[in-house]
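# Coordinate inspection notes
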Amino acid sequence: MALTLRSSTSFINLKDSKSFKTPDDISGMVSFAQIKPLRPLRVKNSMHEVAERGVSTEARRKDISERLHALTVSHGQNGTKVPVYIMLPLDTVTLGGNLNKPRAMNASLMALKSAGVEGVMVDAWWGLVEKDGPMKYNWEGYAELVQMVARHGLKLQVVMSFHQCGGNVGDSCSIPLPPWVLEEISKNPDLVYTDISGRRNPEYISLGCDSLPVLRGRTPIQVYADYMQSFRDRFSDHLGSVIAEIQVGMGPCGELRYPSYPESNGTWRFPGIGEFQCYDKYMRASLQASAEALGHTDWGKTGPHDSGQYNQFPEETGFFRREGTWNTEYGKFFLEWYSGKLLEHGDRILAAAKGVFQGTQVKLSGKVAGIHWHYGTRSHPAELTAGYYNTRNHDGYLPIARMMGKHRVVLNFTCMEMRDGEQPEHANCSPEGLVRQVKVAAKTAGADLAGENALERYDAGAYAQVLSTSRSDSGNSLSAFTYLRLNKSLFEENNWRNLVGFVKSMSEGGNNRLSESDLGRTDLYVGFIKEKSVTKVKEAALV
């Protein structure tokens, strides 16, 4: 997320999938184009195998049995239970502030409940709720969703989404920041992140002005705190019960990071190193002050001059190459400052959130991006430009985990479904190594760790990887897993079967296996819902 947006990018080379018609025509005909090697796989692609027409019942039974067997990975002797949540569509609430397709949502929630999921996650978009003016909040669409979720006996994770929707992988709709905020940005473009070429990024307010009253007399942190307070006031009766978790947005895609790899307008492409985002006047003033405090005035005049451009590789730059500037005294100074500003930003927002929600019993969480490309290099350039000072010689995730642990905030990490062998060699990826490092950092810091998949995956291999990742052998086990995302593809027969098997394995310690008698039936496909209710489940395809 998601790449990250839900968010880190991956390249998968799977077999072709063919069209098929699901039982009762729930999703109609779905065609899957061939996935070419070494091409970025967008979230809209479906990465799974489907049963071919004409295959015998016995062969199909055997195929499903083998794939479900892959989902029974043990969590270890403790049989740790991991609750599974499902992300709702980005446009769950409309631009008008109403719940989108309520009948379809109701049917979807019914199916998810039957599948054994713990609950669902929804983005509470700043650009929707406070769009009519400062401190004019409209929570009505979300209130309807909360009531619906409660009726089905599910839990809800709510994301305080202070970023724009649009311009990243998986962004299926456009929800900009509130109009009155955009008006302030038009008057003062330095309110948003800026790269060395002067490109402005409107996804999120620059952390450089966190403590300045630049939003009509309020600081951005005050605006975020007021928003969260309004949410608490509106949903006080449900906090800690139906609403189990608040994920606090801290950057683009809701993640604690800089927008160093923006996809909009083709600015960045995988596996580019990205660019530092420290050239608005507030960030430049902070850099200058930090350099002067150390007696190195020249270090504060600008950011690194040799860090390259968005789509370059590390060895093409002076800063990120093997023995580059990143490992000099100047490089260490800059990276400490750049990553330190991000940590301070997260600390401010989480402190505000803790103050708002204390006493409610609701969990707080924060999201960190799974930037796995160039992880195999010495400098880890893509992580550095995003604000994670993680190199061969420096652990960038332990400080983040400690900051979150201090506030008793769950660290939510992406790319849990990815395997090293699925990635292109030239990109030096290692999502598995990255996840291991983050798990150890969270355990060392005493922070709970939760996970998400970065890209839409429906295949048994991805689920098996999540099950393996959720074990506690290399760090702490996951406190929860949120699956991306509820859509029509999820309700296709084989996808649904895989999801149900995965949820059961996660919730029952990884040792549960679906009954052989279910493998050739369609009841499982509709979540064990009886025939009289099938018509309701059909509506889920509309989500």
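As the structure is a prediction and not an experimental result, all values here were calculated from the model.

Regarding its fold elements, the protein presents 14 helices and twelve strands. Buried positions account for 62% of the 543 residues belonging to the protein. When the accessible surface of the protein is split by element, carbon and sulfur atoms take 46% of a total near 20500 Å².

On to the pairing of strand 5 (residues 155-161), then. On a regular strand, each side chain points to the face opposite its neighbour's, so the side chains alternate between the two faces of the sheet. The buried fraction of strand 5 is high, at six of seven residues. Pairing geometry for strand 4 (residues 119-125) and strand 5, over seven bridges, is parallel. Following the sheet pairing, M121 is matched in strand 5 by Q157. Relative to strand 8 (residues 243-248), strand 5 runs parallel, the two sharing five bridges. If you follow V159 over to strand 8, its bridge partner there is Q247.

A few words on the environment of A369. With respect to the element layout, A369 can be found in the loop between strand 9 (363-368) and helix 9 (381-386). Accessibility expressed as a relative area gives 0% for A369, which makes it buried. Each C-alpha atom of the pair A369 and E383 lies 9.1 Å from the other, and the pair is 14 residues apart in sequence.

Of note, the bond from F270 into P271 is cis; its omega dihedral lies within 30 degrees of zero at 0°. Mapping P271 onto the fold places it in the loop between strand 8 and helix 7 (281-293). A cis amide bond, omega 10°, links L484 with the succeeding residue R485. Within the secondary structure, R485 sits in the loop between strand 12 (478-483) and helix 13 (493-507). Phi at R408 is positive, roughly 60°, even though this residue is not glycine. When you line up the elements, R408 lands in the loop between helix 10 (398-406) and strand 10 (410-413). On the basis of relative accessible area, R408 is assigned to the exposed category, the value being 75%.

Let's shift gears to the packing of aromatic side chains. What describes a pair of aromatic rings is the distance from one ring centre to the other and the angle between the planes of the rings. With the rule as written, the count across this model stands at 35 aromatic pairs. Their ring planes at 70° and their centres at 6.5 Å tell us that F231 and F357 sit as a pair that is edge-to-face. Of this pair, F231 sits in helix 6 (residues 220-234) while F357 is found in helix 8 (residues 329-357), placing the two residues 126 residues apart along the sequence. A residue is classified by how much of its surface remains accessible, and F231, at 2% relative accessible area, is buried. Classification of F357 by relative accessible area gives buried; the value is 3%. Residues F481 and F502 carry aromatic rings whose centres are separated by 5.7 Å and whose planes lie at 80° to one another, so their mutual orientation is edge-to-face. Here F481 is found in strand 12, whereas its partner F502 is found in helix 13, with 21 residues between them in sequence. Owing to a relative accessible area of 1%, F481 belongs among the buried residues under this scheme. Exposure remark for F502: the relative accessible area of 0% places this residue in the buried category. Among the aromatic side chains, those forming a connected cluster through ring pairs are W126, Y137, W139, Y142, F162, W180, Y204, Y224, Y227, F231, F235 and F357. Against the face of F235 rests R234, its NZ or CZ located 5.4 Å from the ring centre.

So, on to the sheet that holds strand 4. On the basis of which strands lie adjacent, the closed barrel formed by eight strands has the order 3-4-5-8-9-10-11-12 and parallel pairing. The average undirected angle you get between the axes of adjacent strands in this sheet is 30°. Two strands pair when backbone bridges link them, and strand 8 and strand 9 are joined in this way by three bridges, in the parallel orientation. Bridge pairing in strand 9 links I246 to L364.

Let's shift gears to the confidence of the model for the protein. Looking at the protein as a whole, its pLDDT mean stands at 84, while 77% of the residues score no less than 70. For the stretch residues 538-542, pLDDT sits under 50, and the model shows 15 contacts to residues farther than four places along the chain or on other chains.

Each value, and the rule that gives it
All chains use their own residue numbering, which begins from 1 and follows the written sequence. Thresholds applied to this predicted model are a pLDDT of at least 70 for local features of residues and 80 or more for the giving and counting of side-chain atom pairs; totals over whole chains, interfaces and linings are not thresholded and use all residues. The side-chain quantities take in all heavy atoms of the structure and omit both hydrogens and water. Secondary structure counts use DSSP, requiring at least four H or I residues in a row for a helix and at least two E residues in a row for a strand, with both numbered from the N terminus. We call a residue buried when its accessible area falls under 20% of the maximum for its residue type, exposed when it is over 50%, and partly exposed in between, using a 1.4 Å probe and counting protein chains only. Here the accessible surface of atoms and residues is derived via Shrake-Rupley with a 1.4 Å probe, and residues count as covered only by protein chains that are part of the display. Only when DSSP finds a minimum of two bridges between them are two strands counted as paired. Side-chain rings of Phe, Tyr and Trp, where Trp is taken by its six-membered ring, are said to pair if the distance between their centres is within 6.5 Å; with planes under 30 degrees apart they count as stacked, over 60 as edge-to-face, and otherwise as tilted. Geometrically, a lysine NZ or arginine CZ counts as sitting over a ring once it is within 6 Å of the ring centre and also within 35 degrees of the ring normal. In this analysis, axes come from line fits to C-alpha atoms, helices being fitted only over the stretch in contact, and the angle between any two N-to-C directions falls in the range 0 to 180 degrees. Predictor confidence is given residue by residue as pLDDT, running from a minimum of 0 to a maximum of 100. Only heavy atoms enter the contact rule, under which two residues are in contact if any of them lie within 4.5 Å.

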